[in-house]
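Observations on the model geometry
Here is how the chains run, residue by residue.
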Amino acid sequence: MKIGTALFTYHRSDHTRQVIEALSRNHVLPENLFIFQDGMKENTNVEEWKSVNRLIQEIDWCETYVQVSETNKGLAKSIVAGVDYVLQKCDAVIVLEDDCVPHPQFMEYMLKALKKYESSKEVYHIGASSEPAKAAANGTDAYFLGRINSHGWGTWKDRWKKFSHDYTMIGQIKSNEELYEWFRIWGEDLESHVLGNVYGRTNSWAAFWALTVIMKKGLCMSPYESFVNNIGFDGSGVHCGVTENTLKLRPLEKTEEVILPEKVELVKDYKESFAFYHRWTSMEARNMYYKNIAFALLKIQGGKQSIATWLEKKNISKIVIWGKGQLCDYLIDAVKEEIIIKAIIETAPKEKEYRNIPIMKWKEIPHDDVFMVIVVPGYDIERIRNMVDDIDLKEKMLSVDELIGKIKEEC
């Protein structure tokens, strides 16, 4: 089996340099390295683009093929066209983007997996990066799940031939009871990415590859410890903003032989592990949730008991609010005279404080000094509870609607 390695670049020279240097230090080097650089567009940093071009032209430690686009295709078209090209010449492909820094055993892992599961046609995708979900251990370095991960990955020619860019796939999945149940575990959030493509907010190829695999009920591999460190969460990329890197990285000094599962089967207890990881709530459902909360709050205002007085009766003097927005503002105004608000939680804070209240990630909360965490996006409360691994903090959480329900019970 001939396996080609594809590297997709554009105009981030520092990121690209780190990827190239790390790949050159892999215990096993690519047999064929196909490098694709997207063409410049109007606002491209020309010097950065040229620096990347010099870097990819200077690679001399393995056989390379360099293709520089005359036009700017964008990430989605570049990757699909590049993977198509490699699979015209090879039986399988390994894919890296310019922000995916490979572990020294990345190639060993990918080559071993692609060779081992070549004849297991139910396996569609080999992922190199870990998932934040708590998957059950199976005694090896990787496990099978139902969702792709695009931060370092690979597949085979016959599987990729089934790739579809059909926008009706979600409708087809939802009309099939068995597929819809599968979709709710592995891909409910994909609907937001597809809608983002429709409205021009995103340009995702990965969402359609993920949907293709879900349509086939295909299996994907993920390592427990990531063989890739994604350094693109720094805001430098076109499609990645500033956010927390949640990858559990394989230590660089770890060089033991990579062990892969002998049996192709879903990881044990996958429904519990991934039950809320890919959940998504439509904007319509969110708006309806907030509308109902607004009406409920108006009723409380007209009653004998406010949020602040209820909290005081429960001897709760310090709270944290999870999430910003108008409802957060209401809560601040409703309790600020009587209750201390220790912090506002955001997944990826872009500022240090809001209305003189510190903004933190949930892991930074001084929860030993907090009596309640009020979750503003209550429609997402189960996913949030599942994400938090601090039992004490989890027990202090109440969504806004749960809080209102308790106040009404005692009125």
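Residues numbered from 1 in each chain as written. Predicted model: local features only at pLDDT ≥ 70, side-chain atom pairs only at ≥ 80, totals over all residues. Heavy atoms only, no water.

If you tally the helices and strands in the protein chain, you get 16 helices and 16 strands. Here the C-alpha radius of gyration of the protein chain, 24 Å, is about what a compact globule of 411 residues would show, namely 22 Å. Taken along the three principal axes of its C-alpha coordinates, the protein chain extends 75 × 50 × 45 Å. Evaluated residue by residue, the protein chain yields a buried proportion of 51% over its 411 residues. Looking at the protein chain alone, contacts between residues at least 24 apart form 76% of all its contacts between residues at least 6 apart. For the protein chain, the exposed surface amounts to about 19,800 Å²; the carbon and sulfur share of it is 49%. On the protein chain, the mean spot of the 53 positive side-chain charges and the mean spot of the 61 negative ones are 3 Å from each other. (Helix = DSSP H or I, 4+ residues; strand = E, 2+ residues; numbered from the N terminus. Rg over C-alpha atoms; globule rule 2.2 N^0.38 Å. Buried < 20%, exposed > 50% of the residue type's maximum accessible area, 1.4 Å probe, protein only. Contact = heavy atoms within 4.5 Å. Areas by Shrake-Rupley, 256 points an atom, 1.4 Å probe, with all protein chains shown as cover. Lys, Arg positive; Asp, Glu negative; His and termini not counted. Charge placed at Lys NZ, Arg CZ, Asp CG, Glu CD.)

Across the 5 residues of strand β6 (residues 123-127), 5 count as buried, placing the element largely inside the fold. Relative to strand β9 (residues 219-223), β6 runs parallel, the two being bridged by 3 bridges. Across the sheet, the residue bridging to His-125 is Cys-220, located in β9. As defined by bridge partners, β6 adjoins strand β8 (residues 153-156) across 2 bridges and the pair is classed as antiparallel. Each bridged residue has a counterpart across the sheet, and for Gly-127 the counterpart in β8 is Trp-153. (Pairing = 2+ DSSP bridges.)

Judged by pairing direction, the sheet is mixed, and its 6 strands sit side by side in the order β13-β14-β12-β11-β15-β16 without closing on themselves. A strand with exactly one partner marks an edge of an open sheet, and here the two such strands are β13 (353-354) and β16 (397-399). Note: β13 against strand β14 (residues 357-360), 2 bridges, orientation antiparallel. Within β14, the position partnered with Tyr-354 by the bridge is Ile-357. Those strands touched by helix α16 (residues 400-410) are β15 (372-375) and β16, and its axis lies near 85 degrees from that of β16. (Axes fitted to C-alpha atoms, helices over the stretch in contact; angles between N-to-C directions.)

Moving on, we get to the packing of helix α1 (residues 13-24) against helix α2 (residues 46-57). Taken N-terminus to C-terminus, the directions of α1 and α2 make an angle of 15 degrees; their axes are 9 Å apart at the nearest point. In terms of orientation, α1 lies roughly parallel with respect to α2. The crossing of α1 and α2 is right-handed. Together, Ser-13, Asp-14, Thr-16, Arg-17 and Ile-20 of α1 and Glu-48, Ser-51, Val-52, Leu-55 and Ile-56 of α2 make up the contact between the two elements. Each residue belonging to the contact of α1 with α2 can be placed in one class, and the counts come to 4 nonpolar, 3 polar and 3 charged. (Parallel < 35°, antiparallel > 145°, perpendicular 65-115°, else oblique. Left-handed = near helix turned anticlockwise from the far one by under 90°. Nonpolar A, V, L, I, M, F, W, Y, C, P; charged D, E, K, R; others polar.)

As a further point, take the sheet that holds β8. With mixed pairing, 8 strands are arranged side by side in an open sheet as β3-β2-β1-β4-β8-β6-β9-β7. With partners counted over all chains shown, the strands left at the sheet margins are β3 (64-68) and β7 (142-145), one partner each. Recorded for the sheet is a direction-independent mean angle of 20 degrees between the axes of neighbouring strands. Along the sheet, helix α9 (residues 206-215) contacts β6, β8 and β9; its crossing angle with β6, the most-contacted strand, is approximately 140 degrees.

This brings us to α9. Counting buried residues along α9, 9 of its 10 residues qualify, which places the element largely inside the surrounding structure. What α9 keeps buried is the set Ala-206, Ala-207, Phe-208, Trp-209, Ala-210, Leu-211, Thr-212, Val-213 and Ile-214.

What follows covers α2. Its 12 residues place the ends of α2 16 Å apart at the C-alpha level, agreeing with the 16 Å of an ideal helix rising 1.5 Å per residue. Along α2, the residues classified as buried are Trp-49, Ser-51, Val-52, Asn-53, Leu-55 and Ile-56. Of the surrounding secondary structure, the elements contacted by the buried residues of α2 are β1 (3-9), α1, β2 (33-37) and β3. The residue sitting at the N-terminus of α2 and contributing the capping side-chain oxygen is Asn-45; that oxygen lies 3.3 Å from the backbone nitrogen of Glu-47. (Expected span 1.5 Å × (residues − 1). Polar contact = N/O pair within 3.5 Å; in protein donor to acceptor, adjacent residues only side chain to side chain.)

Attention now moves to the environment of Ile-321. Summarising the element assignment, Ile-321 is placed in strand β11 (residues 318-322). Remark: the alpha-carbon pair of Ile-321 and Gly-200, spanning 121 residues in sequence, is separated by 32 Å. Not counting the four nearest positions on each side in its chain, Ile-321 is found in contact with Cys-328, Leu-331, Ile-332, Ile-341, Ala-343, Ile-344, Ile-345, Ile-374 and Val-376.

With that settled, the discussion passes to the pairing of β11. By the criterion of burial, β11 is predominantly enclosed, with 4 of the 5 residues buried. One ladder, built from 5 bridges, connects β11 with strand β12 (residues 340-345); its direction is parallel. Counterpart to Ile-321 in the pairing with β12 is Ile-344. The parallel pair β11 and β12 is bridged by helix α13 (residues 326-335), and the resulting crossover is right-handed. Note that β11 and β15 share 4 bridges and pair parallel. (Right-handed = clockwise from strand over helix to strand, strands pointing away.)

Per the stated rule, a full pass over the model turns up 24 salt bridges. The shortest N-O distance in the salt bridge between Glu-188 and Arg-184 comes to 3.0 Å. Look at Glu-188 and you get buried, because its relative accessible area is 9%. You can call Arg-184 partly exposed: its relative accessible area is 32%. As a salt-bridge pair, Glu-351 and Lys-324 come within 2.5 Å of each other at their nearest N and O atoms. Of the two residues, Glu-351 sits in the loop between β12 and β13 while Lys-324 sits in the loop between β11 and α13, which places them 27 residues apart along the sequence. Classification of Glu-351 as partly exposed rests on a relative accessible area of 35%. (Salt bridge = Lys/Arg side-chain N within 4 Å of Asp/Glu carboxyl O.)

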